[in-house]
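Architecture and fold: a report
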Amino acid sequence: MLEKTYQPADIEDKHYRRWEQIEAFAAGDRPGADPYCIVIPPPNVTGVLHIGHALNNTLQDVLIRFARMRGANTLWQPGTDHAGIATQMVVERQLAEQGKSRHDLGRDDFVKRVWEWKAESGGKITGQLKRLGASCDWSRERFTMDEGLSKAVLKVFVELHRKGLIYKDKRLVNWDPKLHTAISDLEVQQREVNSHLWYFRYPVENQPERYIVVATTRPETMLGDTAVAVHPDDERYRDLVGKYAILPLVGRRIRIVADEYADPEQGSGAVKITPAHDFNDFEVGRRHDLEMINIFDQNAVLNDNVPQAYRGLDRFAARKQVVAAIEAAGLLEKIADHPHTVPYGDRSEVVIEPWLTDQWYVDAKTLAGPAIEAVEQGRTKFVPESWSKTYFEWMRNIQPWCISRQLWWGHQIPAWYGPDGHIFVELSEQDAHASAQAHYGKDTALTRDPDVLDTWFSSALWPFSTLGWPEDTPELKRYYPTSTLVTGFDIIFFWVARMMMMGLHFLDEVPFHTVYINALVRDEKGQKMSKSKGNVMDPLELIDSYGGDALRFTLASMSALGRNDIKLSRRRVEGYRNFATKLWNAARFCEMNQCRPADDFDPAAVTGEVNRWIIGVLAQTNAEVTAALDEYKFDIAANAVYHFVWHNFCDWYLELVKPLLLDETGTLRPETRATAAWVMQEILKLLHPFMPFVTEELWEHFRGAENQPLIITEWPTPDAGLADAAAGAEMDWVIRFVSAIRTARSEVNVPAAATIPAILRGAGQETQRRLAAHNQQILRLARLSEVQFSDDIPTGAIQIVVDEATIALPVSHVMDLGAEKARLSKEISRLEDDIGKIDKKLANQGFLAKAPAEVVEQQRERRIAADAARNKLQAALQRLAAA
């Protein structure tokens, strides 16, 4: 017998261990079947499960379980990313606690220390994904720095370099002055700060008393200015184009150039150009062949390229001195308050400096061409399709990809330097020495490039390196290209685009056919989750409180196509825990009424009307769920099965068949038992991708542990022939009739336990027949004492209409109509006051201008809810007024 209470903690670990024991997740066990493969977005080896991971991996698991049950040869390829900066920082912090730095250990010993940390503490997130129910083939788990993937990285780097698609160049990068490395745009946080805009006057050469005014948020960088830019159509400066200004404090002649980067509407319309310390200025500098003067060292301290007075100063100290000196020289036009965004390193928490330095780059523009074409041709499609616009926008404006990082943890760049700086890029040091021998004609000492590759470089190879490339493995042949990638919109460029480029270049095929972009999970008010706001929802805590199934179903049911945000609340998760409890209780009801599965049950052969009805509705639900999952409409699939289970099966079918199950002599009792058991089994199959734990537990309970587990049971094939239009119409009428009476009773607060008569006026022959056929069920479910047919409606009766018939419900003998009218009027007045206050707020332009968008949206939602509640109460009051 099933336990009385559903306890997720008692069943989830048990079933996960069993799935692993029987190798239910293993790939390749169906050699003749169509392959279906998903590669997991590899979480950082330092990571812990957050709510975004929970959403992303829930959706992947729904797809993989769905495909597995449909007989596909499935592979969900798991693995973790070595996470260069993040992992190095973890170990450096440990060393700092011991009063040491990585430099005290040296590179080799430090890297050895990181590997030791990885073996002891890395990969914690893998165990957390298992708690979520992720059915990856863990036997194939990969790591971006394992031997096979490292071999792939070396091959790709060397081949791209030989083709001229990887090269070294001096360009601007996002430089972290604390971590002393270049970082990617994804590792830069743009923070809004309240600062100033300083307006400086630059003297025009040979034109005494004439100045060109420039505005800047970074006064210290003016020491590296090499030009002033004005718009070519700006009449104010047309006569100055081609002439020179004199750079204050430095005395350098700097050219005045015409460039469309300058905006006549911004500031003075003239822009100081510092090519070595601003990304836009760098492009202007290249267009006009300007000198690029780097005024900072790796610590963002001013170097010897500035006047003596500023050398050795921190950039912010230099800022103060530059402003003071400009003011003393009488060249400070004004200072204006100016809120603007400043780039910070997401790990170092310091301001990022655009810095001119030698780095390794990928010619992304060349590689992007085939990747753009593949999406244009539909070989890879985005779901929702609108995200392809984001992809195209980034790809068509792509810049060289900086792939070198000044770290010790990562794939060290396979480049060696000769004494004259000649570069040898080879697969190994031995090969590099052989190349040097050929180049110099003798054995020559070489120095290896100390930099490592950007983490995204190895991640770009993930769909094929995890399958064994560059070896020609059976897995690569079977599963590449993969089927679906599920990922977030924020890494479409950083990861998706780069996988497309690498996959097409090295395997001449797209890495995946479909890219599903999942939403961002926010709190219930629509705000981004952050520790500082205290609104972070820990998925592991939610699993502890409500179970993995409840969290999974919540996230899937809210994943609508085109919805960018999911507003998550504990109430929603708790509600779906209650859904799992509802399913559990339905299974207990079936068990107590001896509804046992029968292998020879034929759903097409049932005769009972209510049984034919539920089988038909189930067939329709099956078709809806299957079609929705095929189209990545997770919310529609989840809500379709939810509605069927909660409403059709539990609320109506089980209630309607109670008399049949209790009737020991009834001819429909055996059929009804078999039908209930069969429908319950089909429910477990449809629910399994969403709620694997509770469905597996109930399946095992009904089928026995010795039988095939649900996870590898065949998905039910939708059968439109099981739909019974006549039974559907009949039971639909019963449900509408009872629901109308229940709703009316509830609206006017009729005591739940009271039984009242119903009087029908204008009922046609079909309605009278249906009432006679289902009389006992209607009386029981609607809590009626009797149903009469009459044209006379007594006073004190509320009225409702179902089809052609008017139903009168005399209620004055079971409640005080006057008191109820007063209660309704009072509640309506309260709601109208609330609506008035909200309308006043929404009409206030000051409020709309200052309030965050999510707060405004909350007010609009409150307005809609209050209006709906008022309308409902007004309808109830009208019913009572007419009684």
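Above this text is the structure in question.
An account of the accompanying structure is given in this report. Starting afresh in each chain, residues are numbered from 1 along the sequence in its written order. Predicted model: local features are reported for residues with pLDDT of at least 70 only, side-chain atom pairs are reported and counted for 80 or more only, and whole-chain, interface and lining totals are derived from all residues. Excluded from the side-chain calculation are hydrogens and water; included are all heavy atoms of the structure.

**Examining the overall build of the protein**
If you tally the helices and strands in the protein, you get 29 helices and 29 strands. Along the three orthogonal principal directions, the C-alpha set of the protein runs to about 105 × 65 × 55 Å. The buried label goes to any residue with under 20% of its type's maximum accessible area, the exposed label to any with over 50%, and the partly exposed label to all in between, with areas taken from a 1.4 Å probe on protein chains only. Classification of the 883 residues of the protein by burial places 54% in the buried group. Considering only residue pairs separated by 6 or more positions, the protein has 78% of its internal contacts joining residues 24 or more positions apart. In short, Shrake-Rupley with a 1.4 Å probe defines the accessible areas, and a residue's cover is counted only from the protein chains shown. Accessible area of the protein: about 38,500 Å², with a carbon and sulfur share of 48%. We treat Lys and Arg as the positive residues and Asp and Glu as the negative residues; His and chain ends play no part in the count. Note on charges: their place is set at NZ of Lys, CZ of Arg, CG of Asp or CD of Glu. Positive and negative charge centroids in the protein, built from 102 and 123 side chains respectively, lie 3 Å apart. Under the scheme used here, helices are H or I runs from DSSP no shorter than 4 residues and strands are E runs no shorter than 2 residues, and both carry numbers assigned from the N terminus. Pairs of residues are marked as contacts when any of their non-hydrogen atoms sit within 4.5 Å.

**A closer look at the nonpolar core**
The biggest cluster of nonpolar side chains holds 210 residues, and the ones touching the most others in it are Y391, F457, M502, W613, F649 and L809. With 15 residues, the single largest contributor to this core is helix α21 (residues 634-662). Leaving out residues up to four positions away in the same chain, F457 has contacts with V153, V156, F157, I166, V362, W401, I403 and M502. Counting residues in each nonpolar core, the second largest holds 36 residues, with M222, I293, V322 and W355 among its members. Here, nonpolar core refers to any group of buried Ala, Val, Leu, Ile, Met, Phe, Trp, Tyr and Cys residues whose side-chain atoms link them within 4.5 Å.

**Regarding the packing of aromatic side chains**
Think of it this way: a Phe, Tyr or Trp ring, Trp meaning its six-membered ring, pairs with another when their centres are within 6.5 Å, and the plane angle makes it stacked under 30 degrees, edge-to-face over 60, tilted otherwise. Taken as a whole and assessed by the stated rule, the structure comprises 37 aromatic pairs. Put simply, the rings of F553, Y576, F579, Y642, W646 and F690 pair up and form one aromatic cluster. Here, a charge over a ring means that NZ of Lys or CZ of Arg falls within 6 Å of the ring centre while also lying within 35 degrees of the ring normal. Directly above the ring of W138 sits K130, whose terminal nitrogen or CZ lies 5.4 Å from the centroid. Sitting over the face of the ring of Y361, R171 holds its NZ or CZ atom 5.8 Å from the ring centroid.

**Things to note about unusual backbone geometry**
Of note, the amide linkage connecting W469 to P470 takes the cis form, showing an omega dihedral of 20°. The topology assignment puts P470 in the loop between α14 (462-465) and α15 (474-479). In the Ramachandran plot, E209 falls in the positive-phi region, its phi being about 70° despite a non-glycine side chain. If you trace the backbone, E209 turns up in the loop between β7 (188-203) and β8 (211-216).

**A closer look at the pattern of salt bridges**
One speaks of a salt bridge when a side-chain nitrogen belonging to Lys or Arg is within 4 Å of a carboxyl oxygen belonging to Asp or Glu. Overall, the coordinates contain 62 salt bridges when judged by the stated rule. Residues K168 and D449 are paired through a salt bridge, measuring 3.6 Å at the closest nitrogen-oxygen approach. On the criterion of sequence distance, the pair formed by K168 in strand β5 (residues 166-176) and D449 in the loop between β20 (447-448) and β21 (452-453) is long-range, its members being 281 residues apart. A salt bridge links D867 to R863; the nearest nitrogen and oxygen atoms lie 3.7 Å apart.

**Focus on the sheet that holds β5**
Strand pairs in the sheet, formed through backbone hydrogen bonds, run parallel or antiparallel to each other. In this description, strands pair whenever DSSP reports at least two bridges between them. The strand order across the open sheet built from four strands is β6-β5-β14-β16, with neighbouring strands paired in antiparallel fashion. Of all strands in the sheet, those with a lone pairing partner are β6 (181-183) and β16 (401-402), marking the two edges. Lines are fitted to the C-alpha atoms to define the axes, a helix being fitted only along its stretch in contact, and any angle between axes, read from their N-to-C directions, falls within 0 to 180 degrees. Across the sheet, helix α8 (residues 279-288) lies against β5 and β14 (353-362), angled at about 145° from β5, the strand it touches most.

**Some points on the packing of helix α24 (residues 725-747) against helix α26 (residues 775-782)**
In the contact formed by α24 and α26, the axes pass within 10 Å of each other and the chain directions differ by 25°. On the basis of their axis angle, the class for α24 and α26 is roughly parallel. In this structure, the crossing between α24 and α26 has a hand that is right-handed. Counted together, W733, V734, F737, V738, I741, R742 and R745 of α24 and I778, L781 and A782 of α26 form the full contact between these two elements. Each angle is binned into one of four classes, with values under 35 degrees roughly parallel, values over 145 roughly antiparallel, values of 65 to 115 roughly perpendicular, and all other values oblique. Note: crossing handedness is left-handed where the near helix turns anticlockwise from the far helix by less than a right angle, and right-handed where it turns clockwise.

**A few points about the packing of helix α19 (residues 570-592) against helix α22 (residues 669-687)**
Where α19 meets α22, the axes come as close as 10 Å, and the angle between the chain directions of the two elements is 155°. The pairing of α19 with α22 is recorded here as roughly antiparallel in orientation. For the crossing formed where α19 meets α22, the hand is left-handed. In contact with F579, L583, A586, A587 and C590 of α19, α22 contributes A676, M680, I683, L684 and L687.

**A word on empty space enclosed by the protein**
A cavity here means a set of points on a 1 Å grid, drawn over the protein atoms and nothing else, where a 1.4 Å probe fits but cannot get out; a pocket is an open set with protein on both sides within 12 Å along at least five of seven lines, and a residue lines either one if it has an atom within 4 Å of a point. Grid points are joined across faces, edges and corners, and a volume is the space filled by probe spheres set on the points. Tallying each qualifying case throughout the model produces four cavities of 30 Å³ or more. One number sums up the size of the largest cavity: a volume of about 80 Å³. The leading source of residues in the lining of the largest cavity is strand β23 (residues 512-518), at three residues. Side-chain classes are defined by residue name, with Ala, Val, Leu, Ile, Met, Phe, Trp, Tyr, Cys and Pro counting as nonpolar, Asp, Glu, Lys and Arg as charged, and the others, Gly among them, as polar. The class makeup of the residues in the lining of the largest cavity is seven nonpolar, four polar and one charged.

**Quick notes on the side chain of H82**
Along the chain, H82 falls in the loop between β3 (79-80) and α3 (84-97). Setting aside residues up to four positions removed in sequence, H82 forms contacts with V45, T87, F143, T144, M145, W409, G410, H411, T455 and S458.

**A word on helix α17 (residues 539-546)**
Listed as buried for α17 are P539, L540, L542, I543 and Y546. Angularly, the buried residues of α17 cover 160° about the axis, an arc narrow enough to put them on a single face. Lining the buried residues of α17 we find α1 (8-21), α2 (51-69), α6 (124-132), α18 (548-557) and α19. Whenever a nitrogen or oxygen atom comes within 3.5 Å of another N or O atom, the pair is scored as a polar contact, on the condition that within protein one atom can donate a hydrogen and the other can accept it, and that pairs from neighbouring residues in sequence are kept only if both atoms are in side chains. Where α17 begins, the side chain of D538 points an oxygen toward the backbone nitrogen of L540, at a separation of 3.0 Å. This arc describes the spread of directions from the helix axis toward the C-beta atoms.

**What to know about helix α9 (residues 315-328)**
Taking 1.5 Å of rise per residue, 14 residues should cover 20 Å, and α9 covers 20 Å from first to last C-alpha, within 8% of that figure. Every buried residue of α9 is listed here: R315, A318, R319, V322, V323 and I326. End-on view of α9: buried residues confined to an arc of 135°, all on one side of the axis. Opposite the packed face of α9, turned more than 90 degrees from it, sit the exposed residues K320, E327 and A328. At its buried positions, α9 is contacted by β7, β13 (332-345) and β14. The N-terminus of α9 is capped by D314, whose side-chain oxygen sits 2.9 Å from the backbone nitrogen of F316. Here the expected length of a helix is defined as 1.5 Å per residue gap, with one fewer gap than residues.

**Re the pairing of strand β22 (residues 482-488)**
With seven of its seven residues buried, β22 lies for the most part within the structure. Pairing geometry for β22 and β23, over six bridges, is parallel. Its bridge partner lying in β23, T482 is registered against F512. Seen with its strands pointing away from the viewer, a crossover is right-handed if its path from the first strand over the helix to the second goes clockwise. Assessed by its sense of winding, the connection that carries the chain from β22 through helix α16 (residues 492-507) to β23 is right-handed.

**Details of the environment of L467**
Tracing the backbone shows L467 in the loop between α14 and α15. Measuring from C-alpha to C-alpha, the distance between L467 and G148 comes to 9.5 Å, with 319 residues separating the pair along the chain. L467 has contacts with L75, Q77, R140, T473, E475, L476, Y479 and Y480, leaving out every residue within four places of it along the chain.

**What to know about the sheet that holds β13**
Taken in spatial order, the three strands make up an open sheet running β8-β7-β13, and their pairing is antiparallel. A strand with exactly one partner marks an edge of an open sheet, and here the two such strands are β8 and β13. Direction aside, the axes of adjacent strands within the sheet are offset by 20° on average. Relative to β8, β7 runs antiparallel, the two sharing six bridges. Its bridge partner lying in β8, Y199 is registered against A215. Packing of α9 onto the sheet brings it into contact with β7 and β13, and relative to β7 it is tilted by some 25°.

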